[in-house]
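# Structural overview for review
The primary structure of each chain is shown beneath.
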Amino acid sequence: MRFMVMVRATKDSETGALPDPKLVEEMGKYNEELARAGVLLAGEGLHPSSRGARVRFSGSKRTVIDGPFAETKELIAGYWLFQVRSLHEAIEWVKRAPNPFPGQDSEVEIRRVYELADFDAVLTPEAREREQRLQDKLSGHP
Amino acid sequence: MKASTAGSVAAGASEVRDAVRTVFRMESARLVAGLSRLVRDLDLAEELAQDALVAALERWPESGVPDRPGAWLMAAARNRAVDRLRRESWLGRRREALAGELGPSPAPAPDADGAELGDDLLRLAFVACHPVLLPEARVALALRLLCGLGTDEIARAFLVPETTVAQRIVRAKRTLAEARVPFELPGGAEREARLASVLQVVYLVFNEGYAPSSGTGWLRPALCEEALRLGRVLARIAPEEPEVQGLSALMELQASRAAARVGPGGEPVLLLDQDRGRWDRVLIGRGLAALERAAAPGRALGPYALQASIAACHARAPTASETDWPRIVALYDALAQVAPSPVVELNRAVAVSMALGPAAAMEIVDALSEEPSLRGYHLLPCVRGELLLRLGRVEAGRAELRRAAALAASARERKLLLERAASGRPVVREAPASPRAAAPPAR
């Protein structure tokens, strides 16, 4: 299963200042570790919201709002896309990440991505029944 | 908001146990790989790893999950090995070799040296996929040792009883011990052959998930994901091997189509009919990048890289009608050279029919008609029937499609073929060109 791991913005990240080279190096090592474990599908850092925009939808109306945006803690500063076996595993990997913003508090949010693994919705009734029978047989139920 | 300081004493006991198991599974391959280099015995290495897990289950609920859990587990396993060495005599002949390596030296951190870790994992992969083992034993051992899956999980994935898997693993280890398979990284031709066996096992796992040979016939995403992950790991630790990159590319590209392969009613959707909007762009991007790495200058592409190249042609085409069929024909020509098989020939014929028309393809298909391994294979008359219809030989074509229907294994496919036989119209129209599936060249 896949998880989107989002690094929430901070006051510093919103200034657009580049991170300390030491942190860049640590992040590089961490990304390498993720890749070597076959966990990392993608990942990128985002410019501050002052270089972005929002499009507000309201009925048929579209309103463009230029950044920056005030609610810093709700903003995203970067993301990874993980492929792991469970939320637990995603959490363990995130805990091993270097602190993205040393010196200030920040949060990293982990969210599961919808994908084919959630295939129950398209599983035909016959297929579901067969699967169930097999599972029953294997677990020793009648 | 519920905040639990993960790993702290505040976290519930069962929560910590879950965390321990998760961490163990994440670390188990490196742990067993590192330990088996030290003790040169798979069984013992696994036992020591298990001992380390038990120690973690005892300690971590109190102490919290350590900062470097992999290093902690390795150190625990090594201590355990030293204890045993001191206490027990059954280690016998291993004693001398062990004493040197397991001395008081500090435990090497499993994440300290990428190259060493890569070699350990590769060595473990070579042993788990050793040619002296039967294919199903290799698969079970690889999933257990390289993916850290439990026997119960492997059994569930393959829809066989757990005892069967457990027996396979026990027997496989015995076979390895009896054959005195060394823990080594072979060089030259031997390395090539052993690597081929590893790749074959990974692709087998992938296909079992992608096109299951038994059970419900349904995708098993977990197996595909394990294979993809193994492929990515191997591509990282053996980046200089074109076929490792080729296999990774092939799996990424095939997996990119997973969501589009099945219709709303659960029916299979042929490649050329698939909604390309549902193809996974992340996986396509990864697949194309791996394929680029597979193309080593001055070396001909191997079978996996060639199949990946064919898959890439489809991935690159914005619509089915924009498929570069001449290039696919050339790639099948190359594939038929390096890995000839009747099925490759049949797929080549389909590609030729799309690139050059039905008459040229008919020659290839007719040459296959006496092929014993395709006797009873419904796709042969299916392709032939379609070609006959396209050539205007309607009655002969309908007869072939009915023959294909009689051979088809699934009721759904039989129905589809009988409908096509009844209509008597080819799926592909000659002009204006609107290429649709003549037969499934790939899924």
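Cut-offs applied
- Residues numbered from 1 in each chain as written.
- Chains lettered and ligands numbered in written order.
- Predicted model: local features only at pLDDT ≥ 70, side-chain atom pairs only at ≥ 80, totals over all residues.
- Helix = DSSP H or I, 4+ residues; strand = E, 2+ residues; numbered from the N terminus.
- Buried ≥ 20, exposed ≤ 12 C-beta atoms within 10 Å, placed from the backbone.
- Contact = placed C-beta atoms within 7 Å.
- Pairing = 2+ DSSP bridges.
- Axes fitted to C-alpha atoms, helices over the stretch in contact; angles between N-to-C directions.
- Core = buried A, V, L, I, M, F, W, Y, C linked by C-beta atoms within 7 Å.
- Domains from an automatic or database assignment.
- pLDDT = per-residue confidence, 0-100.
- Expected span 1.5 Å × (residues − 1).
- Left-handed = near helix turned anticlockwise from the far one by under 90°.
- Nonpolar A, V, L, I, M, F, W, Y, C, P; charged D, E, K, R; others polar.
- Arc of directions from axis to C-beta.
- Parallel < 35°, antiparallel > 145°, perpendicular 65-115°, else oblique.

### Describing the overall build of chain B
Check the secondary structure of chain B and you find 19 helices and 0 strands. Burial status across chain B gives 43% buried among its 443 residues. Put simply, 61% of the contacts in chain B that link residues at least 6 apart link residues at least 24 apart.

### Points about the overall build of chain A
Assigned secondary structure in chain A consists of 4 helices and 6 strands. Order of helices (α) and strands (β) in chain A, N terminus to C terminus: β-α-α-β-β-β-β-α-β-α. Residue pairs at least 24 apart in sequence account for 76% of intrachain contacts in chain A once pairs closer than 6 positions are excluded.

### Description of the sheet that holds strand 1 (residues 2-8) of chain A
Residue and element names in this part refer to chain A. In space, the 4 strands of this open sheet follow the order 2-5-1-6, with antiparallel pairing throughout. The open sheet has two edge strands with one neighbour each: strand 2 (40-45) and strand 6 (108-112). Neighbour to neighbour, the strand axes of the sheet diverge by 15° on average, direction disregarded. Examined bridge by bridge, strand 1 and strand 5 (residues 76-83) share 7 bridges and lie antiparallel to one another. Looking across to strand 5, one finds that Val5 is bridged to Trp80.

### Here we look at the nonpolar core
With 131 residues, the main nonpolar core has Phe82(A), Ala77(B), Leu124(B), Val202(B) and Ala308(B) as its most contacted residues. Broken down by element, the residue count for this core peaks at 13 residues, all from helix 1 (residues 13-39) of chain B. Counting the residues that make up this core, at least three belong to each of domain 1 (7-112) and domain 2 (324-423) of chain B. Residue contacts for Phe82(A): discarding those within four places in its chain leaves Arg2(A), Phe3(A), Val5(A), Val39(A), Leu40(A), Leu41(A), Ala90(A) and Trp93(A).

### Structural notes on the confidence of the model for chain A
Regions with low pLDDT carry predicted coordinates that are not meant to be interpreted in detail. Taken as a whole, chain A shows an average pLDDT of 85; of its residues, 81% reach a score of 70 or greater. Mean pLDDT across the elements of chain A ranges from a minimum in helix 4 (residues 125-138) of chain A, with 55, to a maximum in strand 6 of chain A, with 97.

### Focus: the confidence of the model for chain B
All names here are of chain B. Residue-level pLDDT values for chain B average 84, and 85% of them are 70 or greater. Low pLDDT, under 50, characterises residues 5-10; the predicted model gives this stretch 12 contacts beyond four residues in sequence or across chains. A low-confidence stretch, residues 432-443 stays under pLDDT 50, and its non-local contacts, those more than four residues away or across chains, total 42 contacts. Here the complex is predicted with pTM 0.84, and the ipTM for its interfaces comes to 0.79.

### Points about helix 17 (residues 379-390) of chain B
Residue and element names in this part refer to chain B. Taking 1.5 Å per residue, 12 residues should reach 16 Å; helix 17 reaches 16 Å between its end C-alpha atoms and fits that length. Burial of helix 17 is extensive: 11 of the 12 residues sit out of reach of the surface. Buried within helix 17 are the following residues: Leu380, Pro381, Cys382, Val383, Arg384, Gly385, Glu386, Leu387, Leu388, Leu389 and Arg390. The inward-facing, buried residues of helix 17 contact helix 15 (342-355), helix 16 (358-368), helix 18 (394-407) and helix 19 (411-423). Positive backbone phi, approximately 85°, marks Gly392, located one or two places after helix 17.

### Thoughts on the packing of helix 2 (residues 42-63) of chain B against helix 3 (residues 69-87) of chain B
Residue and element names in this part refer to chain B. Orientation of helix 2 relative to helix 3, taken along the N-to-C sense of each, is 115°, at an axis distance of 8 Å. The hand of the helix 2/helix 3 crossing is right-handed. Listed contacts from helix 3 to Leu48, Ala49, Asp51, Ala52, Ala55 and Ala56 of helix 2 are Leu73, Ala76, Ala77, Arg80 and Ala81. In terms of residue class, the contact of helix 2 with helix 3 is made up of 9 nonpolar, no polar and 2 charged.

### A short note on unusual backbone geometry
For the bond from Gly67(A) to Pro68(A), the omega torsion is 0°, close enough to zero to count as cis. Mapped onto the fold, Pro68(A) is located in the loop between strand 4 (61-66) and strand 5. Backbone geometry places Arg40(B), a non-glycine residue, at a positive phi of 55°. Within the secondary structure, Arg40(B) is located in the loop between helix 1 and helix 2. Classification of Arg40(B) by C-beta neighbours within 10 Å gives partly exposed; the count is 16. A positive phi angle is found at Arg180(B), which is not glycine, with a value near 50°.

### Regarding the pairing of strand 1 of chain A
All names here are of chain A. Because side chains alternate across strand 1, one face comprises the buried residues Phe3, Val5 and Val7, and the other comprises Arg2, Met4, Met6 and Arg8, none of which is buried. In this sheet, strand 6 lies alongside strand 1 in antiparallel orientation, the contact comprising 5 bridges. Considered in strand 6, the bridge of Val7 is made with Val108.

### Overview of helix 3 (residues 87-95) of chain A
Restricting attention to buried positions, one finds in helix 3 of chain A the residues Glu89(A), Ala90(A), Glu92(A) and Trp93(A). Burial along helix 3 of chain A is one-sided: seen end-on, the buried residues are contained in an arc of 160°. On its buried face, helix 3 of chain A sits against strand 1, helix 2 (21-36), strand 5 and strand 6 of chain A together with helix 1 of chain B.

### Points about the packing of helix 6 (residues 135-145) of chain B against helix 8 (residues 162-178) of chain B
Residues and elements named next belong to chain B. Here helix 6 crosses helix 8 at 95°, and the two axes come no closer than 9 Å. Taken together, the axis directions place helix 6 and helix 8 in an arrangement best described as roughly perpendicular. For the pair helix 6 and helix 8, contact is made by Glu136, Ala137, Ala140, Leu141 and Arg144 and by Val165, Arg168, Ile169, Arg171 and Ala172, respectively. Along the lines of polarity and charge, the residues of the contact of helix 6 with helix 8 split into 6 nonpolar, no polar and 4 charged.

### Overview of the environment of Leu407(B)
Residues and elements named next belong to chain B. Mapped onto the fold, Leu407 is located in helix 18. The sequence separation of Leu407 and Arg375 amounts to 32 residues, and the corresponding C-alpha distance is 9.8 Å. Among all residues touching Leu407, those that are not within four sequence positions of it are Gly376, His378 and Pro381.

### Some words on the environment of Phe69(A)
Residue and element names in this part refer to chain A. Considering the arrangement of structural elements, one finds Phe69 in the loop between strand 4 and strand 5. Phe69 gets classed as partly exposed once you count the C-beta atoms within 10 Å, which come to 17. Linking Phe69 and Pro48, residues 21 residues apart in sequence, is a C-alpha distance of 9.3 Å. Beyond its immediate chain neighbours, meaning those up to four positions away, Phe69 contacts Ser49 and Leu75.

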